[in-house]
Amino acid sequence: MPELPEVETIVRDIGPYLTGRTLRNPQLHKTDVLRGISRRRLISSLDGQRVEHVSRRAKHAVLLLRNGLRLIIQPRMTGTLIVYDRTLRAAEQRYAVLEMKVGRRETFVYRDVRRLGTIHLLQEKAWLSYTARIGPEPLDDTFDFANFVARLHGTRQAIKKTLMDQARIAGIGNIYANEALFRAALDPSRRTDRIDRHSLERLYRELRAVLGEAIAAQGTTFRDYRTGTGQRGSFQDSLLVYGRAGQPCTQCGTHLATTHAIDGRATYFCWRCQGTPS
DNA sequence: ACGAGGTCCTGCGAGC
DNA sequence: TGCTCGCAGGACCTCG
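Novice: Before we go on, may I ask you to explain the protein's contact with DNA strand B in this structure?
Specialist: Taken together, Asp32, Arg94, Tyr95, Val113, Arg114, Arg115, Leu116, Thr155, Arg156, Gln157 and Arg223 are the residues near DNA strand B. Among atoms of DNA strand B positioned within 4 Å of the protein, sugar and phosphate together represent 85%. In the environment of DNA strand B, a phosphate oxygen lies 3.1 Å from a nitrogen or oxygen atom belonging to the side chain of Thr155. Grouping the constituent residues of the surface near DNA strand B by class yields three nonpolar, two polar and six charged.

As structure tokens, this is what we get:
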């Protein structure tokens, strides 16, 4: 489930293959991922366009094209973005949503089993408005502790839900919210407005640390996620709580617990180290 | 402002 | 074996 570290890994991988290349023969196999654009206009806007720049914003991959449009792909749950330097195998072709040639042999594929992912194609102005609705990038140099506190301010919601609110801070999903809260020894269900400054300092530090470590490990592969070259990530080996219900806490040995009480999403935590969710 | 619940989508595993 | 059903979940929506 690509969150910030996974999309960052994808973008770093595919960027060198796409930048300066011309998109040829785009094929859209499914249309239900399109947002605000028809298949016909997407195809005609992509075909023959040079890719000027590839970047990440929150959990989106952004391809800036010569014609000024941005192709924005959000892989969500099961989406993968891969550049292959060979012909695709049948299994790789299956579930392909968008596919285009980016060189003599290279093919760029957006593949998505469940197709909860989305594709936008935006003009500069629409892009600015789109990105303005998303919070700041947590790994930016400018994202200091004061900024973090300001972004969390004014809500009584559970801290885990607040962290995952893309309008407040960009790119944090379920895996890294769980991990950061455990590492900061914070109860995921704690009301955001009732967390003391020292706890917030720990959370700020651990959040940035875990995101950085996950990028260094090429992301977390639980099931579908692959890097931009089709490899598995390795941060699943470093997860301390996510997916580890029933296993011993690495800090105190207590059996880790899971609940769906916060926003209906799987929360993993240690009763002893993080306290009891209220 | 906030929580609850529905929606999208398909593979998978449990249960019968 | 073959079927149904619930679940996985990020973002967005409506309702109370």
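Novice: In this structure, what is going on with helix α7 (residues 174-183)? I would like to understand it.
Specialist: For the α-helix, the turn length of 3.6 residues means that residues three or four positions removed from each other point alike. Burial analysis of α7 places nine of its ten residues in the buried class, the great majority of the element. Buried within α7 are the following residues: Asn174, Ile175, Tyr176, Ala177, Asn178, Glu179, Ala180, Leu181 and Phe182. Positive phi shows up at Ala185, right after α7, with a value of about 55 degrees.

Novice: What is the right way to look at the domain arrangement of chain A in this model?
Specialist: Domain annotation of chain A identifies domain 1 (4-132) and domain 2 (145-269). Computed over C-alpha atoms, the centres of domain 1 and domain 2 are 28 Å apart. With 19 residues of domain 1 at the interface, the matching set in domain 2 holds 19 residues. With both sides pooled, the region where domain 1 packs onto domain 2 buries about 1500 Å², and carbon together with sulfur makes up 64% of that total. Taken together, the connections running from domain 1 to domain 2 amount to zero salt bridges.

Novice: Would you mind going over the pairing of strand β6 (residues 96-101) with me for this structure?
Specialist: In regular strands, side chains alternate between the two faces of the sheet. Counted residue by residue, β6 has five buried out of six residues, so it is predominantly covered. Alignment of strand β1 (residues 24-28) against β6, held across three bridges, turns out to be antiparallel. Bridging from a neighbouring strand, Gln27 pairs with Glu99 of β6. Relative to strand β7 (residues 107-112), β6 is paired through five bridges, and the arrangement is antiparallel. Bridged to Met100 within β7 is Phe108. Linking two consecutive strands that pair antiparallel, namely β6 and β7, is a turn of five residues.

Calculation rules
- Residues numbered from 1 in each chain as written.
- Chains lettered and ligands numbered in written order.
- Predicted model: local features only at pLDDT ≥ 70, side-chain atom pairs only at ≥ 80, totals over all residues.
- Heavy atoms only, no water.
- Near = heavy atom within 4 Å.
- Polar contact = N/O pair within 3.5 Å; in protein donor to acceptor, adjacent residues only side chain to side chain.
- Nonpolar A, V, L, I, M, F, W, Y, C, P; charged D, E, K, R; others polar.
- Buried < 20%, exposed > 50% of the residue type's maximum accessible area, 1.4 Å probe, protein only.
- Helix = DSSP H or I, 4+ residues; strand = E, 2+ residues; numbered from the N terminus.
- Domains from an automatic or database assignment.
- Contact = heavy atoms within 4.5 Å.
- Buried area = accessible area lost by both parts, 1.4 Å probe.
- Salt bridge = Lys/Arg side-chain N within 4 Å of Asp/Glu carboxyl O.
- Pairing = 2+ DSSP bridges.

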